[in-house]
Amino acid sequence: MLVILVLLYSPEGIEALCSAVGVDHTDVRMLMLAWKMNAEKQGYFTQDEWHIGLKALRVDTIGKLKKRLSNLKEEVMKPENFENFYLYAFRYCLTEEKQKSIDIESICILLDLVLGSQFRPQVDTFTEYLKIQNEYKVINMDQWTNFFRFCKEISFPDLENYDTTEAWSLVLDNYVEWMKEKAKLAAA
Amino acid sequence: MNSNSNNSNNQKKRNFQIEAFKHKVVVDPKYPEKTWKILEHAIQEIYNHNASGLSFEELYRNAYNMVLHKFGEKLYTGLVSSMTYHLKEMSKSIETAQGGLFLEELNRKWIDHNKALQMIRDILMYMDRTFIPGNHKTPVHELGLNLWRDNIVHSSKVQTRLLNTLLELILRERTGEVINRGLMRNIIKMLMDLGPLVYQEDFEKPFLEVSADFYRVESQKFIECCDCGDYLKKAERRLNEEIERVSHYLDGKSEAKITSVVEKEMIANHMLRLVHMENSGLVNMLLDDKYEDLGRMYNLFRRVPNGLSTIRDVMTSHLRDTGKQLVTDLERVKDPVEFVQCLLNERDKYDKVISLAFNIDKTFQNALNSSFEFFINLNPRSPEFISLFVDDKLRKGLKGVSEEDVEIVLDKVMMLFRYLHEKDVFEKYYKQHLAKRLLSGKTVSDDAERSLIVKLKTECGYQFTSKLEGMFTDMKTSQDTMQGFYTNHGAELGDSPTLVVQVLTTGSWPTQPTVTCNLPAEMSALCEKFRSYYLGTHTGRRLSWQTNMGTADLKATFGKGQKHELNVSTYQMCVLMLFNNADRLSYKEIEQATEIPSSDLKRCLQSLACVKGKNVLRKEPMSKDIGEEDAFFVNEKFTSKFYKVKIGTVVAQKESEPEKQETRQRVEEDRKPQIEAAIVRIMKSRRVLDHNNIITEVTKQLQSRFLANPGEIKKRIESLIERDFLERDNADRRLYRYLA
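Looking up chain B in an unreviewed UniProt entry gives the name Cullin family profile domain-containing protein, with the organism given as Escallonia herrerae. In its Sequence similarities (unreviewed entry) section, UniProt records this for chain B: "Belongs to the cullin family."

Going by the annotation in an unreviewed UniProt entry, the name recorded for chain A is Defective in cullin neddylation protein, with Escallonia herrerae given as the source organism. The heading Function (unreviewed entry) in the UniProt record of chain A holds the text "Neddylation of cullins play an essential role in the regulation of SCF-type complexes activity."

Student: Explain the sheet that holds strand β1 (residues 551–557) of chain B to me, and be specific about the residues and the numbers.
Tutor: Strand pairing in a sheet relies on backbone hydrogen bonds, with the paired strands running either antiparallel or parallel. Residue and element names in this part refer to chain B. Spatial ordering of the open sheet is given by β1-β2-β6, a layout of 3 strands whose pairing is mixed. The open sheet has two edge strands, β1 and β6 (644–646), and neither has a second partner. Neighbour-to-neighbour, the strand axes of this sheet turn through a mean angle of 25°, independent of strand direction. Of the strand pairs in this sheet, β1 and strand β2 (residues 563–569) are connected by 7 bridges, and their pairing is antiparallel. When the bridges of β2 are listed, Lys-555 appears paired with Glu-565.

Student: Give me the pattern of salt bridges: which residues, what numbers.
Tutor: Pairing of side chains with opposite charge becomes possible as their charged atoms draw close. Counting across every chain of the model gives 77 salt bridges over all chains. Linking A:Arg120 and A:Asp112 is a salt bridge whose minimum nitrogen-to-oxygen distance equals 2.7 Å. Assessed through its relative accessible area of 36%, A:Asp112 is described here as partly exposed. Notably, a salt bridge pairs A:Arg120 with A:Asp124, separated by 3.0 Å at the nearest N-O pair. Of this pair, A:Arg120 and A:Asp124 both sit in helix α8 (residues 120–132), 4 residues apart, roughly one helical turn. With relative accessibility at 34%, the residue A:Arg120 sits in the partly exposed group. Each of B:Glu173, B:Arg174, B:Arg181, B:Glu242, B:Glu244 and B:Arg245 takes part in salt bridges that share partners, so that together they form one network.

Student: Just give me the short version of the interface of chain A and chain B, but keep the residues and values in it.
Tutor: Of the residues lining the interface, 17 residues belong to chain A; the matching set on chain B comes to 13 residues. Of the roughly 1300 Å² buried between chain A and chain B, counting both surfaces, carbon and sulfur atoms make up 43%. When the area that chain A buries against chain B is broken down by residue, the three leading residues are A:Asp142, A:Ala167 and A:Leu170, summing to 38%. Linking chain A with chain B are 4 salt bridges, by the criterion used here. Note that A:Glu135 is salt-bridged to B:Lys715, the shortest N-O span being 2.5 Å. Taken together, the links from chain A to chain B amount to 14 residue pairs in polar contact (both at pLDDT 80 or more). If you list the elements that add at least two residues to the side of chain A that touches chain B, you get α9 (141–153) and α10 (170–187) of chain A. Here the element with the most residues in the side of chain A that touches chain B is α9(A); it accounts for 5 residues. Class assignment of the residues belonging to the side of chain A that touches chain B gives a composition of 4 nonpolar, 7 polar and 6 charged.

Criteria and cut-off values
- Residues numbered from 1 in each chain as written.
- Chains lettered and ligands numbered in written order.
- Predicted model: local features only at pLDDT ≥ 70, side-chain atom pairs only at ≥ 80, totals over all residues.
- Heavy atoms only, no water.
- UniProt positions renumbered as here; feature names shortened; annotations may be inferred.
- Pairing = 2+ DSSP bridges.
- Helix = DSSP H or I, 4+ residues; strand = E, 2+ residues; numbered from the N terminus.
- Axes fitted to C-alpha atoms, helices over the stretch in contact; angles between N-to-C directions.
- Salt bridge = Lys/Arg side-chain N within 4 Å of Asp/Glu carboxyl O.
- Buried < 20%, exposed > 50% of the residue type's maximum accessible area, 1.4 Å probe, protein only.
- Contact = heavy atoms within 4.5 Å.
- Buried area = accessible area lost by both parts, 1.4 Å probe.
- Polar contact = N/O pair within 3.5 Å; in protein donor to acceptor, adjacent residues only side chain to side chain.
- Nonpolar A, V, L, I, M, F, W, Y, C, P; charged D, E, K, R; others polar.

Here it is in structure tokens:
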């Protein structure tokens, strides 16, 4: 265990860990692990984080860690945990000090990773929209949170219960309008 | 009948005992019958017009005695049967009356009966006062009326005939015949005297029904053949007729009922058809200013439910349509001044209609205002055009106009201004146009300018006009500065050109890009003198010459000695002065010497060389456009019939498309901080507020300047969230919280 610990304080260490557990480091489960460990910085685990995290996971061998990873997903997907995980995912990707938003490309990858399994159609269309619009170059935490709420509350793909006069983020207003235009053209 | 007083002094003089008057003890069993017979006979005589031979006192006493001796019942019963008998006799003679005499006979008999009744009542007064109340019988007078009612008015041979006769007469009068109104009045009064139930059942109800039928038919006939104006005249006439009829011979209470019948049949039932009648309906009346007809329509329609709202709705939709056409008419928008004048004319027209014909009705004024507000804002250039209209008036339109008339025009402009949703756009243009007016000295009246600023301030508050006032202040201060300059340095300036400088405070005037050019030597020295003078008295300031503005008066002598005074722009001056030292100059040389930016320079040269009557320069080649290889000469052959020639204009013009876009963009940019300030203001005081309420509050706060777009407000909120001024509530995502 100690040997691995030394290697872990770096992205290379993380990669080594990933190969040891047999999970790709871009796999969402690594993110979930980071969440569980409450890791601050993407690609790194601090010593404390590692210790506390492992304790929380109740593992002390690689074997057990491997096993734990599989039911970690279940744990994360629980409604009471998921929102927390979702918000964590955004913060985790902020690389610079005082950074408040993430560029569109990264957001699209993150959305796919985090929400793709649950809300595939919403994520696909939203990321498509984000890529073709040019009003927003970045997405901030507020908009990120809004999107999750959108997925949960708004019926899809008809978007019947979406009301632009409510407090939805403007980027979502524009996205909905774009979706409706597409639907009209498709029907015509 | 004569009255005697009779005293009975059958008193024994004994012990000064005054005994009560003792009635004759009646022993005679035939007494009641005998007494009744006397009275019965009297009644008969009364009905036979033979009352003069009767003694009131005797009859009264007889009646009195009967009641006293407890024979009131017999008396009463006798009265009833006697009166009934006589009434039946009367009825016969009424029934046999022929034709027109029927009513007369009825009337005569009624009068007779009333006279008789009065006498009978007097005779039987004791019974009326004592026996009748105690025994719950009908009093004599009332009894008389009831018997008349039952035996005459409700007799089968009279009842229907009476009603038909009355209705027939009314119909004849309605068709133009003259009838005996006095007789009608008496008969109707008779019915009224018999009680409201009789009047209503035996006359009023059928009268109203028949009238309704009559007017239904008549209105149908009229509406097929009359135009709207004529129809309304007829309806009004009928209405007045009915009112007059009531006052002459019907019960006053019937007025409201009969008028509502006429109103319903003639007006309410045909309201829409009238209003929308082709070629003569409401719209036509409005177009042709038919005040009388409109007034009549208003007065008639206000009597029926939804009458006025019908008129109002049609007027509103017509106004909106014409207004919309007006503001989107492509021809009209080519001339902004004309555009605004048309709007004012339209408003004047409807103002007149409402005051002359619609009783200055507030609801109509509101409809007028809301319609104007609707269509004025359909054209996004309305704010610009209104400012241009004002500019035109303040430049020349109001020349020679009296002070009161000036106020009237300005007040009308303010009225249009109030309708604008985008008042901040107006402000921007107004500022531009005002600056041009002030700087070119082209305002007709300083008082008029100030008066308008005061009106704008009253309407929109201090902030709206503080900068505008700053412009005026600058003009005044500049005057004082110039005076000071010449007082101090006048002597040494001597032969130099006369300089007039306007010093403008940057914040107050519309922003201009600072561009300089090379001034001719004569000017630059002078300008430097001024600059050092000014900065001497105002330390810490910076002056920059705005060479893209300003004018100069040049004295020029041409080839054949013709002298002219040329009024030119600063740029034009720079170019012309070069020719004092050269006969021929190429475009490039001019550009180099003056350093005027090329697009401005091209326009400048064009105005000097290519405009007929103002071509003080000659160009080779003689093409219309300025080419970079062109050469310029003084036009020695220049002539003008005027000594003073004005070249170059600074008049405010309708903006070109790119300029318009630029102004609009600037307005949009200016709005962003205003929206944010409003949001912060509101959130600071409310602390926590939900989305919809913020939108409402912000819109309300900014209303006096422009109509805030909810999408734009949302954007500003998000920006404020990002900058940590606000946050969303964790539990309820519709709420925003202010972060101190």
